Amino acid sequence: MANIELDYQPHPKQILFHASPATELLFGGAAGPGKSKALRMEGFKWCSLIPNLQVSLFRRTMPELKRTHILSSQLEFPKGVATYTDRCWSFTNGSKLHFCYCQYEKDVFIYQGAEINILLMDELTTFTQFMYEYLFGRVRCTLDI
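Residues numbered from 1 in each chain as written. Predicted model: local features only at pLDDT ≥ 70, side-chain atom pairs only at ≥ 80, totals over all residues. Heavy atoms only, no water.

1. Re helix α1 (residues 12-19)
When α1 is considered as a whole, its buried residues turn out to be Gln14, Phe17 and His18. The arc that holds the buried residues of α1, viewed along the axis, is 95 degrees, so those residues lie on one side. Away from the buried face of α1 by more than 90 degrees, exposed residues Pro12, Lys13, Leu16 and Ala19 are located. Those residues of α1 that are buried lie in contact with α2 (35-49). (Buried < 20%, exposed > 50% of the residue type's maximum accessible area, 1.4 Å probe, protein only. Helix = DSSP H or I, 4+ residues; strand = E, 2+ residues; numbered from the N terminus. Arc of directions from axis to C-beta. Contact = heavy atoms within 4.5 Å.)

Now the structure itself:
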């Protein structure tokens, strides 16, 4: 899936975020520097590069998820690379970018058997510590990369 053109010109802080070699990264700051968009684009990038990858992007509630990521992704992601159905972008290489929410602590158990290769949590401070630790515990990779 080489040479996918995105209409995305990252700001300096987004460039630093995308270039980081860290396996766990916190990207904070005031409203407006494009943290949510950077997460969405990071998920898109990884899915387009690695076949059969499972990326999960979380917001606390479904309305936030829809407003912040689902509607935006439908405008930003190029056609023909992936198709969108039921809160998930399915890429032609077998990768998936799942849009997930976890409003209540008990909701983490929906993801009990999930294999999350890359976990992206937008507005992490809205999640409880239990939610974060449980979801982080689902991160693993059986892919031969």
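So that's the structure; there's more coming.
2. Considering unusual backbone geometry
At Asn52, a residue that is not glycine, the phi angle is positive and equals roughly 65 degrees. With respect to the element layout, Asn52 can be found in the loop between α2 and β1 (54-59). Positive phi values are uncommon outside glycine, yet Glu123 reaches one of about 60 degrees. Position of Glu123 relative to the elements: it lies in the loop between β5 (118-121) and α4 (129-136). When its relative accessible area of 35% is taken as the criterion, Glu123 is described as partly exposed.

3. Side note on the side chain of Arg59
Along the polypeptide, Arg59 turns up in strand β1. There is a polar contact of 3.5 Å between the side chain of Arg59 and the side chain of Thr68. Excluding its chain neighbours within four sequence positions, the residues that come into contact with Arg59 are Ser36, Glu64, Leu65, Thr68, His69, Cys100, Tyr101, Cys102, Asp122, Glu123 and Phe127. (Polar contact = N/O pair within 3.5 Å; in protein donor to acceptor, adjacent residues only side chain to side chain.)

4. A short note on the layout of surface pockets
Its boundaries defined by the atoms lining it, the largest pocket holds a volume of some 980 Å³. In terms of lining residues, the largest pocket is bounded by 33 residues, among which Thr23, Glu24, Leu25, Leu119 and Leu120 are the most central. Secondary structure elements with two or more residues in the lining of the largest pocket: α1, α2, β5 and α4. Residue composition of the lining of the largest pocket, by class: 20 nonpolar, seven polar and six charged. (1 Å grid on protein atoms, 1.4 Å probe; cavity = no way out; pocket = protein on both sides within 12 Å on 5 of 7 lines; lining within 4 Å. Points joined across faces, edges and corners; volume = space filled by probe spheres on them. Nonpolar A, V, L, I, M, F, W, Y, C, P; charged D, E, K, R; others polar.)

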